[in-house]
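Residue-level listing of the chains:
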Amino acid sequence: MVTTTYQVQGMTCGHCVSSVSAEVGGIEGVSDVQVELASGRVTVTSEGPLDTDTVRAAVDEAGYDLVGA
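Read on for an overview of the structure. The shown structure was predicted, so the numbers you read here are calculated from the model rather than taken from an experiment.

**Things to note about the sheet that holds strand E1 (residues 2–9)**
Here we have four strands laid out as an open sheet, ordered E2-E3-E1-E4, and antiparallel in their pairing. Here the strands that pair on one side only, and so sit at the sheet edges, are strand E2 (30–36) and strand E4 (65–67). For this sheet, the mean inter-axis angle between neighbouring strands, taken without regard to orientation, is 35°. The sheet contact formed by E2 and strand E3 (residues 41–46) spans six bridges and is antiparallel. Following the sheet pairing, Val30 is matched in E3 by Ser46. Lying on the sheet, helix H1 (residues 14–25) is in contact with E2 and E3; it crosses E2 at an angle near 160°.

Given below as structure tokens:
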């Protein structure tokens, strides 16, 4: 298992957390997504390393921005 933390910009509420969790959780190989609203940190546990562009696309689909990756 691999755990990676990403920084997401633009989340302001519980709905934001749900949207990001659902989109990132839908990536093949992802087993867990933990979103910390206050800091914007999204911690993803997956079977192996994830392609950053795949994670960025999922975050974009949810309506937010992946920062610094």
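**Remarks on helix H2 (residues 52–62)**
Of all the positions in H2, only Val55, Ala58, Val59 and Ala62 are classed as buried. Down the axis of H2, the sector holding all buried residues measures 95°, keeping them to one side. Along H2, exposed side chains directed more than 90 degrees from the buried face belong to Asp53 and Glu61. Summarising the contacts, the buried residues of H2 are in contact with E1, H1 and E4. The positive-phi residue at the C-terminal boundary of H2 is Gly63, with phi of around 100°.

**Structural notes on a negative patch on the surface**
Taken together, the side chains of Glu23, Asp60, Glu61 and Asp65 present a region of like negative charge at the surface. Relative to the helices and strands, Glu61 resides in helix H2.

**Some points on the side chain of Thr45**
Looking at where Thr45 falls in the secondary structure, it is placed in strand E3. Overall, Thr45 belongs to the buried group, its relative accessible area being 17%. When sequence neighbours within four positions are dropped, the list of residues in contact with Thr45 reads Met1, Val2, Thr3, Gly29, Val30, Ser31 and Asp32.

**Section: the nonpolar core**
If you look at the biggest cluster of nonpolar residues, it comprises 19 residues, and the most contacted ones within it are Met11, Val20, Val24, Val42 and Tyr64. Contributions of two or more residues to this core are made by E1, H1, E2, E3 and H2. The dominant element in this core, judged by the number of residues it contributes, is H2, at four residues. For Val24, the residues in contact, after removing those within four places along its chain, are Val30, Val33, Val44, Ala58 and Val59.

About the thresholds
- Residues numbered from 1 in each chain as written.
- Predicted model: local features only at pLDDT ≥ 70, side-chain atom pairs only at ≥ 80, totals over all residues.
- Heavy atoms only, no water.
- Pairing = 2+ DSSP bridges.
- Helix = DSSP H or I, 4+ residues; strand = E, 2+ residues; numbered from the N terminus.
- Axes fitted to C-alpha atoms, helices over the stretch in contact; angles between N-to-C directions.
- Contact = heavy atoms within 4.5 Å.
- Buried < 20%, exposed > 50% of the residue type's maximum accessible area, 1.4 Å probe, protein only.
- Arc of directions from axis to C-beta.
- Patch = residues over 30% accessible without salt bridge, like charges linked within 9 Å, V, L, I, M, F, W, Y side chains within 5 Å.
- Areas by Shrake-Rupley, 256 points an atom, 1.4 Å probe, with all protein chains shown as cover.
- Salt bridge = Lys/Arg side-chain N within 4 Å of Asp/Glu carboxyl O.
- Lys, Arg positive; Asp, Glu negative; His and termini not counted.
- Charge placed at Lys NZ, Arg CZ, Asp CG, Glu CD.
- Core = buried A, V, L, I, M, F, W, Y, C linked by side-chain atoms within 4.5 Å.

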